[in-house]
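A structural walkthrough
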Amino acid sequence: MLHEADLSALWITLQLASLTTVILLLVGTPLAWWLARTRWRGKPLVEAVVALPLVLPPTVLGFYLLIALGPYGPVGGLSMALGGKPLAFTFTGLVIGSVLYSLPFVVQPLQDAFTAISKQFLEAAATLRASPLDTFFSVIIPLARPGFLTATVLGFAHTVGEFGVVLMIGGNIPGRTQVLSIAIYDHVENLEYVQAHWLAGGLLLLSFLMLVAVYTFNRRFMVVNL
Amino acid sequence: MSIEVNFQLKRRNFSLEVQTAFPESGITALFGPSGGGKTTLLRCIAGLEPSVRGHLRVGDTVWQDERVFVPPHKRPIGYVFQGAALFPHLSVRGNLDFALKRASTRRISFDEAVAFTGIGHLLERRTTNLSGGERQRVALARALLSSPKFLLMDEPLAALDRESKAQLMPYIEQLHETLSIPVLYVSHSIEEVAHLADRMVLLFNGRVQGSGLISEMLTSLSLPLARSDNAVSVIEATVVEHDDNYHLTCLRFDGGEILLPREDLSIGKSVRVGVHARDVSLVWQPSEHTSILNVIPVVVKEVSVLNSAQVLVRLRAANTLLLARITQKSAAALDVVPGREMYAQVKSVSLID
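Residues numbered from 1 in each chain as written. Chains lettered and ligands numbered in written order. Predicted model: local features only at pLDDT ≥ 70, side-chain atom pairs only at ≥ 80, totals over all residues.

As annotated in an unreviewed UniProt entry, chain B is Molybdenum ABC transporter ATP-binding protein from Candidatus Thiomargarita nelsonii.

Naming follows an unreviewed UniProt entry, where chain A appears as Molybdenum transport system permease of Candidatus Thiomargarita nelsonii. We quote the UniProt Sequence similarities (unreviewed entry) comment for chain A here in full: "Belongs to the binding-protein-dependent transport system permease family. CysTW subfamily." (UniProt positions renumbered as here; feature names shortened; annotations may be inferred.)

Description of the overall build of chain A
A count of helices and strands for chain A gives 11 helices and 0 strands. Secondary structure elements of chain A, listed N to C terminal, follow the sequence α-α-α-α-α-α-α-α-α-α-α. Summarising its shape, the C-alpha atoms of chain A cover approximately 65 × 45 × 30 Å along the three principal directions. Counting every position in chain A, which comprises 226 residues, the buried fraction comes to 37%. Within chain A, counting contacts between residues at least 6 apart in sequence, those at least 24 apart form 73% of the total. (Helix = DSSP H or I, 4+ residues; strand = E, 2+ residues; numbered from the N terminus. Buried ≥ 20, exposed ≤ 12 C-beta atoms within 10 Å, placed from the backbone. Contact = placed C-beta atoms within 7 Å.)

Structural notes on the overall build of chain B
Scanning chain B from N- to C-terminus turns up 9 helices and 20 strands. The C-alpha radius of gyration computed for chain B amounts to 23 Å, which stays within 12% of the reference 20 Å derived for 353 residues, consistent with globular compactness. Across its three principal directions, the C-alpha atoms of chain B cover 65 × 50 × 35 Å. For chain B, with 353 residues in total, the buried portion stands at 41%. Sequence separation of 24 or more characterises 65% of the internal contacts of chain B that already satisfy a separation of 6 or more. (Rg over C-alpha atoms; globule rule 2.2 N^0.38 Å.)

Quick word on the UniProt feature "transmembrane region" (unreviewed entry) in chain A
Residue and element names in this part refer to chain A. Here the UniProt-annotated "transmembrane region" (unreviewed entry) positions come out as residues 12-36, 48-67, 87-107 and 196-217. A distance of 34 Å separates the end C-alpha atoms of residues 12-36, which is 100% helix and 0% strand. A helix fraction of 81% and a strand fraction of 0% characterise residues 87-107, whose end C-alpha atoms lie 25 Å from each other.

Observations regarding the nonpolar core
Core analysis: the largest hydrophobic core is formed by 150 residues, its most contacted members being B:Leu30 and B:Tyr185. Of the residues forming this core, the biggest block, 10 residues, is contributed by helix α5 (residues 91-116) of chain A. Both of domain 1 (2-227) and domain 2 (232-351) of chain B provide at least three residues apiece to this core. When residues no more than four places from it in sequence are discounted, the contact partners of B:Tyr185 are B:Ile27, B:Thr28, B:Ala29, B:Leu30, B:Met153, B:Leu196 and B:Ala197. (Core = buried A, V, L, I, M, F, W, Y, C linked by C-beta atoms within 7 Å. Domains from an automatic or database assignment.)

Describing the interface of chain A and chain B
Counting from both sides, the interface comprises 15 residues of chain A and, opposite them, 22 residues of chain B. When residues of the side of chain A that touches chain B are traced back to their parent elements, those giving at least two are α6 (119-127), α7 (132-143) and α11 (193-225) of chain A. Per-element accounting of the side of chain A that touches chain B gives the leading share, 6 residues, to α6(A). Taken together, the residues of the side of chain A that touches chain B break down into 9 nonpolar, 4 polar and 2 charged. (Nonpolar A, V, L, I, M, F, W, Y, C, P; charged D, E, K, R; others polar.)

Some details on the packing of α6(A) against α7(A)
Residue and element names in this part refer to chain A. Packing of α6 against α7 brings their axes to within 10 Å, and their N-to-C directions diverge by 155°. Considering the angle they form, α6 stands roughly antiparallel to α7. Considering how the two elements wind past one another, α6 and α7 form a crossing that is right-handed. From α6, Phe121, Leu122, Ala125 and Ala126 reach across to α7, where they touch Thr135, Val139 and Leu143. In the contact of α6 with α7, the residues fall into 6 nonpolar, 1 polar and no charged. (Axes fitted to C-alpha atoms, helices over the stretch in contact; angles between N-to-C directions. Parallel < 35°, antiparallel > 145°, perpendicular 65-115°, else oblique. Left-handed = near helix turned anticlockwise from the far one by under 90°.)

What to know about the UniProt feature "domain: ABC transmembrane type-1" (unreviewed entry) in chain A
In this numbering, the UniProt entry assigns the feature "domain: ABC transmembrane type-1" (unreviewed entry) to residues 10-216 of chain A. The span residues 10-216 of chain A shows a helical share of 80% and a strand share of 0%, and its end C-alpha atoms are spaced 26 Å apart.

Regarding the domain arrangement of chain B
All names here are of chain B. Its domain assignment divides chain B into domain 1 (2-227) and domain 2 (232-351). When each unit is reduced to the centre of its C-alpha atoms, the spacing between domain 1 and domain 2 is 33 Å. Counting residues per element, the ones that place at least two in the side of domain 1 that touches domain 2 are α6 (190-196), α7 (214-219) and α8 (224-227). It is α7 that provides the largest number of residues to the side of domain 1 that touches domain 2, a total of 5 residues. Among the residues forming the side of domain 1 that touches domain 2, the class breakdown is 5 nonpolar, 3 polar and 2 charged.

As for α6(A)
Residues spaced three or four apart along an α-helix point in a common direction, a consequence of the helix completing one turn every 3.6 residues. Along α6(A), the positions that sit buried rather than exposed are A:Leu122, A:Ala124, A:Ala125, A:Ala126 and A:Thr127. Looking at the buried positions of α6(A), the neighbouring elements they touch are α7 of chain A together with α1 (38-46) and β6 (77-80) of chain B. Phi turns positive, to about 75°, at A:Arg129, one or two residues after α6(A).

Examining helix α10 (residues 180-189) of chain A
Along α10(A), the residues classified as buried are A:Leu180, A:Ile182, A:Ala183, A:Ile184 and A:His187. Positive phi shows up at A:Leu191, right after α10(A), with a value of about 60°.

Some thoughts on the sheet that holds strand β13 (residues 256-261) of chain B
Residues and elements named next belong to chain B. Spatial ordering of the open sheet is given by β13-β12-β11-β14-β20, a layout of 5 strands whose pairing is antiparallel. Single-partner strands in this sheet number two, and they are β13 and β20 (350-351). The pairing of strand β12 (residues 248-253) with β13 spans 6 bridges and is antiparallel. Within the sheet, the bridge partner assigned to Thr249 lies in β13 and is Leu260. (Pairing = 2+ DSSP bridges.)

Things to note about the environment of A:Leu191
All names here are of chain A. Along the chain, Leu191 falls in the loop between α10 and α11. Judged by the 8 C-beta atoms lying within 10 Å of it, Leu191 is exposed. Separated by 16 residues in sequence, Leu191 and Gly175 have C-alpha atoms that sit 21 Å apart.

Looking at the confidence of the model for chain B
Residues and elements named next belong to chain B. For chain B, per-residue confidence averages 90 on the pLDDT scale, and residues scoring 70 or more make up 100% of the total. Taken element by element, chain B is modelled with least confidence in helix α5 (residues 162-178), mean pLDDT 79, and with most confidence in helix α2 (residues 92-102), mean pLDDT 95. Both scores are available for the predicted complex, with the pTM at 0.82 and the ipTM at 0.84. (pLDDT = per-residue confidence, 0-100.)

Description of the confidence of the model for chain A
All names here are of chain A. Residues with a pLDDT of 70 or more make up 96% of chain A, whose mean pLDDT is 87. Mean pLDDT values for the elements of chain A range from 79 in α11 up to 95 in α6. Low pLDDT (under 50) marks residues 222-226, which in the prediction has 5 contacts with non-local residues, meaning those over four places away or in another chain.

Shown next as structure tokens:
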């Protein structure tokens, strides 16, 4: 069964994925809305930056983050200047890395969902005295619900599954920054196949169930609304 | 109270330059061919075209000028979109509640709006499995529940089949009769306009070609409506009696009486009948020896050459305006000139519905 180190890796992973997903939804929603509606000519640049983690080797992102979050990097330096510690090899550092790494998995489904919302619903809401903010919460978010579900699950699952970035900036410190994917790697390195099986099988099942949930709920939603 | 607009809007293939005014009562139709700017003008009034420049004044409130642009959600209008634009994530009741919750005043109750549009049996339904006519009725009820000062309707009947159209028409007709809500109504169907509207603004290529009372506009010899093959004038009449022997219905209007094949109408009801210009001929004296039943005393107001063979004559019977299309030869033989008193023989009239 699971050892104590494995349990703490599981706990850290869940904390990391949850926190990352919440931050991504908060940051990603306005960003995705802006991308879906803007006519600014520089939009492709922003879209490319958001999509970069999709194509970049995780070690590249991890390497730059390591430098940025370290004591001599801009972010780590700022943290120290404010009386804190450098962020490399900390849980905070992991969160920052995960947010950047999983950004496209949250922003893209949201952007697609927002783009698909017909302008006439926003105009109808306006002619019914709904302010833009009111419209956002009472019309746009409900209509984009499938997109939010997809974004949440993909953001969460992708953060659970990341390896390269957390290895580079997390330092694999058991009980502090060691997450499941790295724990599996360690077990395999040490030929502890039984424990590797438990963790790997668990992750496989979890990922599968989350995707089944997304497809089930989104289908039900579509059938009702189209 | 009136709505005064002065708008300029430039797009790549289209420009709108409109200066006109609508009274804040009755039904005013924005009429014209597709691409003429009717919908755009309606959207400008609703505040849905932020790039439009100019002025908009409603009563004594400025909604737009050089410094002011009242955002759409602060304009007390109701808007019925061509496709209804019902929110798909809400039920029919949810859509109505959406409007009711945000209305700043309460001119009509939930139950009144539901009863008026006859949608009581649809309240718990999803908006996605309603028929076209049902969708438009829900959209109308929703717009009414926002307690608008006036209603903007963008071709609410255009997407409907004949039957649904006939079903929805009476609701729109009653808007200003029972609820006294003025309506600005976009349409490209002259039948709809002749049926519903009191006034008309004729839009062509983003410009106003003319505006005024529907009877004036339909019979204005300088406008394309009167010069078209299907030129029609409208008579507002009241049902006075039915003749069961000959199966006729008798209508009275301020210039006389009209008989038409028996219609199932209650005595006293107001109706509109259409008279095509091609069905009207002119005589000096009414003849006893004719099969034509409807002979109306008229005064010639205006004569205009239509083509090398025909002229168009605008006639007045009391306050009712009629059109006659006759040959140049007859016009010369009968000396049809403005001011002459004659009789119009109307070969056929039809109820507009």
